[in-house]
Amino acid sequence: MAAVHDDHAHGHGHGHEHGHDDHAHGPPKGMMRWLTTTNHKDIGTMYLWFSFSMFIVGGLMAFGIRAELFQPGMQLMTPEFFNSLTTNHGLIMVFGAIMPAFVGFANWQVPMMIGAPDMAFARMNNWSFWLLPPAALLLVAAFFVPGGAGAGGWTFYPPLSVQMGMGMDMMIFAVHILGASSIMGSINIITTILNMRAPGMTLMKMPLFVWTWLITAYLLVLVMPVLAGTVTMLLTDRHFGTNFFNAAGGGDPIMFQHIFWFFGHPEVYIMILPAFGIVSEILPTFSRKPLFGYSSMVYATASIAILSCVVWAHHMFTVGMPVTAQLFFMYATMLIAVPTGVKVFNWTATMWQGSMSFETPMLFAIGFIFLFTIGGFSGVVCAVVPVDIQVQETYYVIAHFHYVLVSGSLFALFGGVYYWLPKWTGHMYDESLGKLHFWMSMVFFNVTFFVQHFLGLAGMPRRVPDYALQFADFNMISSIGAFGFGLSQLIFLAAVVKCIRGGKKAEAKPWEGATTLEWDLPSPAPYHSWVTPPVVK
Amino acid sequence: MKNETKVQRKASFLQAIKAVSWAFFGIRKKSDHDHDAATLTLGQVIVAGIIGAAIFVTSVLMMVKLVTS
Ligand code: HEM
Ligand SMILES: [Cu+2]
C-alpha cells in the first residue's frame, strides 16, 4: 500500500481516484498528531484523558475537603482556602470531568454507531477540545493569584461573586471558554447525527446512546448561552459599573439565582441523559435481550429534557417566593420524576428473565440503577417545599446529588469505558481488576455518602470547614469512605493502562449479546472506520 | 413499510397532540408508535411539543391556584 502510494505521490497529479489514499498516511507522529488531529477517535481519546486528569484534580480537592472535615475544629487550612476547595471541586467535576467525558464518548461512539466516517465538523472538533486545557489552566492557576481562587460556591451567587478578587474573573473566563467548547461540541454532534447516518438508519433505529446525546446536545445549545450571559453580567457588575445584581444600585441578587438555575437544572440532566444512554446500551447486551420499551425510552428522554426547563426554582425554596411559585415548582419537579421512573422500570424489565451475565460493565450498570434510584428519591424528598426548607443548604442535598452524579453519571461512565475498551484498544481489560474496582467503588461510595443523609437531616450545613460536635462520628466515617473511594480509582487507572498496553486480543464483537454497529468493525477500530457506510436493514 | 408511508402521509394534528401527550408520560404502545413514526412530520411534533409544554405549565398553574384559593 505504501509503495503504491509513493508512486502516486511522486507521479503526476492524477490524484482523484486516489483521493482517499490520503488516509493511508495515518496520523503524523508525536505531539503534532494530537495538536492537529481532526480524527474523531483521537479527539475522543484526548477528551477522555483530559476528563480523567480533571477527575484527579477535582478528587484531590475533595481529599482536602474531607481531610479538614475528618474531625471538628480547624486543622489543616484557612476557611477561605476550604471554600475555594469546595467551589472548585464542584466546578471542575461538573465542567472538567463529567461533561468532557461524555463528549469523549460521543466522539468515539456516535460516528461508529451510526455508520459515519467521522464527525461533521472535524476541524471545529479539534478546536472544541483544545479550548479545554486553557480553561483548566485558568481554574487551577486561580489558586495562585492574590486573593486566591473563587470561593463563593460553584453556583457563583452574588454578592460574594461580585466582591472577590481576580480569582473570580479567572473562574468566569474559564466558564466562558468551557461554554464555547460545549456549544461547538453540541452543534457538531447534532449535525453529525442528523446528516451522517448510514443508509437505512432511521431516527427510530438509532441506538439509545445516540438518541440521548442528540437530545442532550439540544439542551446544551439552549442553556449554555444563558450561563455565559449571566456570568458576563457578573463580570460587568464587577468591573464596568453595572448593577444587575447589586441591590444598592437597583439590581437584584435573586435574579442571578433564577437565571443561574434556569441553566443549572437542565445542566444536571445534561450530565445524566448520556449516562442513561450508556446504561441502555450495556443492559440489553448483558441481558441478551433487546431494550424493553425502546420508543418509550426515547419519549421519556425527550420529555425529561423539556420538563427540566420549568423546574429550576426548586433550588431556591428558602430564598423567598410567593406560595404559588413554590407550589408550581414543587408539583412540576415531582412530575418530572414520572418519566424518570418509566426509565428505571424499563431497565428493570430489560433484565427480567434475560440470561444475564455479570461482567464489569454490567456490574456498573446495575449499580447505577440501584443507586441512581436512591438519588432520585432523595430528589423527590427535596422537592417537597416544607421538607426542603429544612434540608436546603445542608448535607442532605450533598448526599442527593452525589447519588445521582457519582453513582449515576460517573458509574455509567465507568461502565461505558469497560464496555467499549475492547473496541478502543483491541484488548480485553483485566476482568478481576474491573470487578475489584467496581466493588471497592460501590462500598466506599456508600460509606462516604449514605451517612451524609443523616448529617443533613440532623442539620449540618454544607460548605462549612468546621461543625458542631454531634456530627463528629458520621463525618469521620464519611471521610474514611472518601479516601477509600479516591484510592479505588487508582485501580481504574491501572486497569485502563494495562488494557492499552496489552492483554487478551479482543474479537470484533467480544460481547455476544451486543447488536449495535460498532461491533461490526474490527477491534481495535481502524483509524478511519465506515469509509463506505454500512447499509442498515 | 415504505409503501405505507406513501399511502397515509401526514397525520392529523390531533394525532400529533396525542403522541406528544403520551411522550410526556414517557410511554407509548408499540403499534401506535409505529403508526406515529410513519405518519407524523417533524414540524408537527415540534409544534405539538411546544403547545404541550404550554398546556403542562398552565395546568400545573391552575392546579396551584385551585389549591391555594
Ligand atoms: C428524580 C429526579 C430529581 C429530582 C426530583 C431532583 C430534585 C432536586 C431538588 C429539589 C434539589 C434542590 C435541593 C436543595 O438545594 O434544597 C436538587 C439539587 C440538586 N440536584 Fe437533583 N433532582 C433529581 C435528579 C437529579 C439528577 C439526575 C442530577 C444530576 C445528575 C441532579 C443533580 C442535582 C444537583 C447537582 C443539585 C444541587 C445543586 C447545588 O445546590 O449545588 N439531580 N435536586
Ligand atoms: Cu434541579
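Residue indices begin from 1 for each chain and proceed along its sequence in written order. Throughout, the order in which chains and ligands are written sets their labels, letters from A for the former and numbers from 1 for the latter. It should be noted that, the model being predicted, local features are given only for residues of pLDDT at least 70 and side-chain atom pairs only at 80 or more, the latter also being counted only at that level, while totals for whole chains, interfaces and linings use all residues. Hydrogens and waters are ignored; side-chain quantities use all the structure's heavy atoms.

## Quick word on the pattern of salt bridges
All names here are of chain A.
Thought 1: When a carboxyl oxygen of Asp or Glu is within 4 Å of a side-chain nitrogen of Lys or Arg, the pair counts as a salt bridge. For the coordinates displayed, the defined rule picks out 5 salt bridges over all chains.
Thought 2: One salt bridge connects Glu512 with Arg288, and the closest N-O pair in it is separated by 2.5 Å. Taken together, the positions of Glu512 in the segment after helix 18 (472-501) and Arg288 in the loop between helix 11 (273-287) and helix 12 (294-307) put the pair 224 residues apart, joining distant regions of the chain.
Thought 3: Think of it in three bands: residues with accessible area under 20% of the maximum for their type are buried, residues over 50% are exposed, and the middle band is partly exposed, with areas taken using a 1.4 Å probe on protein chains only. Since its relative accessible area comes to 58%, Glu512 is described here as exposed.
Thought 4: Among the residues examined, Arg288 registers a relative accessible area of 30% and is labelled partly exposed. Under the DSSP-based scheme used, a helix requires at least four consecutive residues in state H or I and a strand at least two consecutive residues in state E, with every element numbered from the N terminus.

## Section: the packing of helix 9 (residues 208-239) of chain A against helix 12 of chain A
Residue and element names in this part refer to chain A.
Thought 1: Only C-alpha atoms enter the line fits that serve as axes; for helices the fit covers just the stretch in contact. Angles between N-to-C directions range over 0 to 180 degrees. At a minimum axis distance of 10 Å, the contact between helix 9 and helix 12 shows a crossing angle of 15°. In terms of axis orientation, helix 9 runs roughly parallel to helix 12. Here helix 9 and helix 12 pass one another in a crossing that is right-handed. Seen from helix 9, the contacting residues are Leu208, Trp211, Thr212, Ile215 and Leu219; seen from helix 12, they are Tyr294, Met297, Val298, Thr301, Ala302 and Ala305.
Thought 2: Along the lines of polarity and charge, the residues of the contact of helix 9 with helix 12 split into 9 nonpolar, 2 polar and no charged. Roughly parallel covers angles under 35 degrees, roughly antiparallel covers those over 145, roughly perpendicular covers 65 to 115, and oblique covers all other angles. Helix crossings get a hand from a simple test, with the near helix turned counterclockwise from the far one by less than a right angle marking a left-handed crossing and a clockwise turn marking a right-handed one. By definition, residues are in contact when any of their heavy atoms lie within 4.5 Å. As a working rule, the residues Ala, Val, Leu, Ile, Met, Phe, Trp, Tyr, Cys and Pro are called nonpolar, Asp, Glu, Lys and Arg charged, and the rest polar, with Gly in that last group.

## Some thoughts on helix 17 (residues 431-457) of chain A
All names here are of chain A.
Thought 1: For a helix, the expected span equals 1.5 Å multiplied by the residue count minus one. Taking 1.5 Å as the rise per residue, helix 17 with 27 residues should run 39 Å; its terminal C-alpha atoms sit 39 Å apart, in good agreement.
Thought 2: To get the bend at a given residue, fit one axis to the seven residues ending there, fit another to the seven starting there, and take the angle between those axes. The largest bend in helix 17 comes to about 25°, at Asn446.
Thought 3: Where helix 17 terminates, the next one or two residues include Gly459, which has phi positive at roughly 105°.

## Looking at the coordination of the iron atom of ligand 1
Residue and element names in this part refer to chain A.
Thought 1: In this listing, donors mean N, O and S atoms no farther than 2.8 Å from the metal, or 3.2 Å for Na, K and Ca; water is missing from the atoms, so a site can look incomplete. Inspection of the coordination sphere of the iron atom of ligand 1 shows a single protein donor, His400 (NE2), at 2.1 Å.
Thought 2: Between the iron atom of ligand 1 and the copper ion (ligand 2) there is a metal-metal distance of 4.6 Å.
Thought 3: Along the chain, the position of His400 falls in helix 16 (residues 395-425).

## Examining the coordination of the copper ion (ligand 2)
Thought 1: Within the protein, His265 of chain A (ND1), His314 of chain A (NE2) and His315 of chain A (NE2) serve as the donor atoms for the copper ion (ligand 2), at 1.8 to 2.1 Å.
Thought 2: Here the donor residues of the copper ion (ligand 2) share one chain and are spaced in sequence as H-x48-H-H.

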